[in-house]
Amino acid sequence: FGIKFDPASSHAVVRNCVFEYCRAGIALPSHSLVEWCEHTYPGFYEFSEEVRQRNGGELRTYPLVKDYHPGNWYESGIADYAYGMESPPVNCEFRYNFMHELFDGEGLGNFDDSESHHNVYLHCYDNSVELEGWQKGFASRNLRFHHNLLLSCPGAPISHQNPEELEGPHYVYRNVIYGYDAHGWNPWVFIKSKCYGKGNGFYYYQNLFWAESAELYWNEREWPQEWLDSFAFKNNIFVVTERFARPTGPVDSEQRFEAAGNIVVSPAADRAILSALLREGGRQLSQPEELVLRNPGKLDFALLPGSPAVDAGV
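Residues numbered from 1 in each chain as written. Predicted model: local features only at pLDDT ≥ 70, side-chain atom pairs only at ≥ 80, totals over all residues. Heavy atoms only, no water.

**Quick word on the sheet that holds strand β2 (residues 13–15)**
Put simply, the rule reads: Each pair of strands is called paired provided DSSP finds at least two bridges between the two strands. Strands here are runs of E lasting at least two residues and helices are runs of H or I lasting at least four, both read from the DSSP assignment and numbered beginning at the N terminus. Under this scheme, a helix contributes an axis fitted over its contacting stretch, all axes are lines through C-alpha atoms, and angles between N-to-C directions fall in the 0 to 180 degree range.
An order of β2-β5-β8-β10-β12-β15-β18-β20-β22 is seen for the nine strands of this open sheet, with the pairing classed as parallel. Of all strands in the sheet, those with a lone pairing partner are β2 and β22 (258–260), marking the two edges. Averaged over neighbouring strand pairs, the angle between their axes works out to 5° when direction is ignored. In this sheet, strand β5 (residues 33–35) lies alongside β2 in parallel orientation, the contact comprising three bridges. Following the sheet pairing, Val 14 is matched in β5 by Val 34.

Next comes the structure, spelled out in structure tokens:
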């Protein structure tokens, strides 16, 4: 840890700090605020890019970290739970932070009744944000993740993965998830999910997902599918310019989640995921230009007059 608070030292404020070369920036207690901070492993992007070029353009950062090194020494994020806590910290807020050149950007799931908003995540090679904790009794309850910019995540930008403990609910809304460069245009999935149906709701509202090819969520065949009943996708825009694939798993599992008011921009979307997302007022477009956005090349995704997305939601 860069800064380690005792669990009893609640109501901490961490502001304008830079954390480099530490697995977790902060061990944070309850009722705390983290703002205008930066967490990074300087050089991690350049190293990953050299590895990519030496492997024929294939990004190999994930197997390098997970298979080559013993232990998960690169996994955590800007903040984590304080060792010795018997229950998760509560009522914490993360805002205006910059997480980049990391394996995982932020571990919001180590907290309950907390939120993270108006942050930027760039080149987080596993997950930009993990909405799960792995300590016994840490159920990641009542979390809000909103108004964030997630750039170039080759793994899964957003993760809900803890089959034993995860409960939620999780509210993920008004975020932009954008491929950005060669490291992030073809993520493994947009959402990494595994909670065995115990979830109290995973609500995705008014987000923009943009990649060249992707699957929507992780849905392995051997896992129970009940967790899909807890997902809702409403008023989102999905731009997948090459191949929007059907999630791996049992046939018709896509019909389990709730959907309404989504727009899918994809010339080659799999029919199963397309029909599932376009239920209840959804719409399909063929090319990103049809969205009529101000300047997506400069990360300005504002809807201009005449965009079919204006007032299109439920």
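Still to come is the rest of the account.
**So, the pattern of salt bridges**
For the record, the criterion: What counts as a salt bridge is simple: a side-chain nitrogen of Lys or Arg found within 4 Å of a carboxyl oxygen of Asp or Glu. Relative accessibility under 20% of the residue-type maximum defines a buried residue, over 50% an exposed one, and the middle range a partly exposed one, all with a 1.4 Å probe and only protein chains included.
Under the definition given, this model contains 15 salt bridges. With its nearest N and O atoms 4.0 Å apart, the salt bridge here joins Lys 192 to Asp 126. Of this pair, Lys 192 sits in strand β17 (residues 191–194) while Asp 126 sits in strand β11 (residues 120–130), and the two are 66 residues apart along the sequence. Using a relative accessible area of 5% as the deciding quantity, one classes Asp 126 as buried. A salt bridge links Asp 270 to Arg 243, with the shortest nitrogen-to-oxygen separation between them at 3.8 Å. Of this pair, Asp 270 sits in the loop between β23 (263–265) and α3 (271–277) while Arg 243 sits in strand β21 (residues 237–245), and the two are 27 residues apart along the sequence. You can call Asp 270 buried: its relative accessible area is 17%. Linked through salt bridges whose partners overlap, the residues forming this network are Arg 15, Glu 35, Glu 93 and Arg 95.

**Structural notes on the packing of aromatic side chains**
Threshold: Pairing of aromatic side chains requires ring centres within 6.5 Å, counting the rings of Phe and Tyr and the six-membered ring of Trp. Pairs whose planes differ by under 30 degrees are stacked, by over 60 edge-to-face, and all others tilted.
Summed over all chains, the structure comprises 26 aromatic pairs. For the pair Phe 202 and Phe 231, a centre-to-centre distance of 4.8 Å together with 20° between the ring planes defines the contact as stacked. Taken as a pair, Phe 202 in strand β18 (residues 202–205) and Phe 231 in strand β20 (residues 231–234) lie far apart in primary sequence, 29 residues in all. An aromatic cluster is present here, built from Phe 190, Phe 202, Tyr 204, Phe 209, Tyr 217, Phe 231, Phe 233, Phe 238, Phe 244 and Phe 257 joined pairwise through their rings.

**Quick word on the state of the cysteines**
In protein structure, a disulfide is the covalent linkage between the sulfur atoms of two cysteines. Convention followed: Defined by distance alone, a disulfide is two cysteine sulfur atoms within 2.5 Å.
Counted under the stated rule, the structure contains zero disulfides. Note on Cys 92: no disulfide assigned, nearest cysteine sulfur contributed by Cys 37 at a separation of 13 Å. Taking relative accessible area as the criterion, Cys 92 reaches 2% and is therefore assigned buried.

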